[in-house]
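So the chains spell out like this:
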Amino acid sequence: MRAVIAGIGMTELSMDSGRSELALAVMAARAALADADIEPGSIDGLVTYSSDAVGIARLQRALGAGELRLFAEVPYGGSAACGTVALAAAAVDAGMARCVLCYRALNGRSGTRLGRAERHLSAEPSDGAFVCRGDGVPGGVFTAPAGLLAPVQVMALWAQRYAHIQRLDEERLSRALGSVAITQRRYAQTNPRAVTRGVPLSMDEYLGARMIASPLRLYDVCRETDGAAAILIARDGEGAGAGRAVRVQAAAQQLFAYSEPLPIYTPDITRLTSERAVDELFAAAAIPREAIDVALIYDATTIAPLLTLEDFGFVTRGGAEEFLASGQHGPGGRLPINPHGGLLSEGYVHGMNAVVEAVEQLRHEAHNQIAGAAHALVTARGASLILGAPA
Amino acid sequence: VSARAPIRPEARELEAVFWDGVQREQVLLQRCGRCRRARHPPSELCGACGSESSKWEQASGDGVIHSFTTVHHAVHPAVAAWVPYAVLLVELAEGPRLVGRLLDGAVPAIGAPVRLDFDRYSDLLIPAFRLADGDVLRGGRCAVAVAADRPTENQALR
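Residues numbered from 1 in each chain as written. Chains lettered and ligands numbered in written order. Predicted model: local features only at pLDDT ≥ 70, side-chain atom pairs only at ≥ 80, totals over all residues. Heavy atoms only, no water.

A. View of the overall build of chain A. Each helix and strand counted, chain A has eleven helices and 13 strands in total. Relative to the compact-globule value of 21 Å for 391 residues, chain A shows a C-alpha radius of gyration of 20 Å, a close match. Considering only C-alpha atoms, chain A reaches an extent of 55 × 55 × 40 Å along its principal axes. A buried classification covers 64% of the 391 residues belonging to chain A. A fraction of 73% describes how many contacts in chain A between residues 6 or more apart in sequence connect residues 24 or more apart. Summing over all exposed atoms, chain A offers an accessible surface of approximately 13,900 Å²; the carbon and sulfur share of this is 49%. Across chain A, the mean location of the 34 positive side-chain charges is 1 Å away from that of the 41 negative side-chain charges. (Helix = DSSP H or I, 4+ residues; strand = E, 2+ residues; numbered from the N terminus. Rg over C-alpha atoms; globule rule 2.2 N^0.38 Å. Buried < 20%, exposed > 50% of the residue type's maximum accessible area, 1.4 Å probe, protein only. Contact = heavy atoms within 4.5 Å. Areas by Shrake-Rupley, 256 points an atom, 1.4 Å probe, with all protein chains shown as cover. Lys, Arg positive; Asp, Glu negative; His and termini not counted. Charge placed at Lys NZ, Arg CZ, Asp CG, Glu CD.)

B. Here's a closer look at the packing of helix α4 (residues 151-165) of chain A against helix α8 (residues 303-311) of chain A. Residue and element names in this part refer to chain A. Relative to each other, α4 and α8 sit at 55°, their axes nearing to 10 Å. Comparing their axes, α8 and α4 come out oblique. The two elements α4 and α8 meet at a crossing, and its hand is left-handed. On the side of α4, the interface is formed by Met155, Trp158, Ala159 and Tyr162, while α8 contributes Ile303, Leu306, Leu307 and Glu310. Across the contact of α4 with α8, the residue classes tally to seven nonpolar, no polar and one charged. (Axes fitted to C-alpha atoms, helices over the stretch in contact; angles between N-to-C directions. Parallel < 35°, antiparallel > 145°, perpendicular 65-115°, else oblique. Left-handed = near helix turned anticlockwise from the far one by under 90°. Nonpolar A, V, L, I, M, F, W, Y, C, P; charged D, E, K, R; others polar.)

C. Representation of the pairing of strand β5 (residues 62-71) of chain B in the model. Residue and element names in this part refer to chain B. β5 sits mainly inside the fold: ten of its ten residues count as buried. Where β5 lies against strand β8 (residues 113-121), three bridges are found, and the strand directions are antiparallel. In the sheet register, aspartate 62 faces β8, and the bridge partner there is arginine 115. Across eight bridges, β5 lies against strand β6 (residues 85-92) in antiparallel orientation. From the neighbouring strand, valine 71 faces β6, where its bridge partner is tyrosine 85. (Pairing = 2+ DSSP bridges.)

D. Focus on the layout of surface pockets. Considering only enclosed or pocket space, the second largest pocket measures out at about 520 Å³ in volume. Surrounding the second largest pocket, 26 residues form its lining, Phe142 and Glu260 of chain A together with Pro41, Pro42 and Ser43 of chain B being those nearest its centre. Residues of the lining of the second largest pocket, tallied by class, amount to eleven nonpolar, eight polar and seven charged. (1 Å grid on protein atoms, 1.4 Å probe; cavity = no way out; pocket = protein on both sides within 12 Å on 5 of 7 lines; lining within 4 Å. Points joined across faces, edges and corners; volume = space filled by probe spheres on them.)

E. A look at the confidence of the model for chain B. All names here are of chain B. When pLDDT is averaged along chain B, the result is 88, and 84% of the positions lie at 70 or above. Low confidence marks residues 135-149, where pLDDT is under 50. Its contacts with residues over four positions away, or in another chain, come to 16 contacts. In the predicted assembly, ipTM is 0.95 and pTM is 0.95. (pLDDT = per-residue confidence, 0-100.)

The structure is reproduced here in structure tokens:
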């Protein structure tokens, strides 16, 4: 691909931003523009998540962007962290647009909380009973009446099924999940952006925490935060982000059939992506798996890194437990995972903060720098990027 | 009858056919008129063969637990009085998966046979499950074999 990530921008992460989502989006976008040293008028594409509160034309106006050649909203939750960038990169590669800004802005703690069900249920005026509608995800008419209301509960179904297939008892599954949680929390201690900095986590504390939706405990679940992130995609060789533009070597979206209205109807709920998608991604990037120096995995809950390690062939099916037990995801490990702390411990910009971290790693500007990082994998429930260090 | 308050489905079109059936103590699945695959959640078209022709049929009520979670943390005031509660993802004997609570505080396990029942509120039924007892257990095991033999819409992809 001829697309590069020319600039990145991110706001502070907090529990209460005190700002509108539009203001957050503009802050992150301006930071990305300054990072790439280009003017707002150069932007000719805007891509965001379907769930973003900031409409594309609204941001275009507030930012002073020019006439747009590309605008799009990507559905299906966190997979849009990579899906937005993949779409922007494809459009730039094809010459449809020249300078595309991908963004996500949310008051995810002080405003609508994705971990709760208020967005799906409304109170009936007559008797105060709660009503669910349509295909709210989760929380639609075929799931909410049974009390299946939040993403963590859906991921708990994946995790329980995974443990069953791999014959992991509760203790072994918990230790594997806990290893993800405490390792990422350790990374977060040296990341100034992380909302959990100063709050380390031990395995005993992890195991002693209350259950949220079995087998997932409190620290298996990501944080909810306010903040925004922006990623600027431009064409290689056109000057934006000169000298430190990160190459988009491969980009893909992936969606299993029967993922709607909820990803519990797919034939195998313990797979987040397909062998086909993974093979094509590495073929497009023209590098082997072993060339990946750091992985940024969408970790709304701790089960995702386990499934992703196996889906991508970094370990054999069932091999995640041993990989994690030997600390291969930690500092100095074979494949460091989420060295910013991830959604679990840095904060939640719906996954877009993982793209920011990947770019910083490849520019060798990260707080927890992986020595010599040349290739990063970013993946969010199937949608994936392979990024390469500046040429 | 449960003392808890229900979460009411505001169902439309095909959703309403399903929920009207539930109020008559039936779980209705669509059966494709061309390829004969059963499907849920309902859809205007068969995802396996594309046929617009289908008939509603009553599920036998037998199934096995495909996965489950026991919810301890209430994510909404509507379920504050429910916790802890077990939510099952059940593979019905006909093939499709259905979500429902496990009744009576029983302990779930993947692969365990279950039998359809209903969460009974004063003016509303919600599909739910009980662990199949001794007699029904044999029926449940039979249900597993049936599910394996009859392809469902989504299994067509395997």
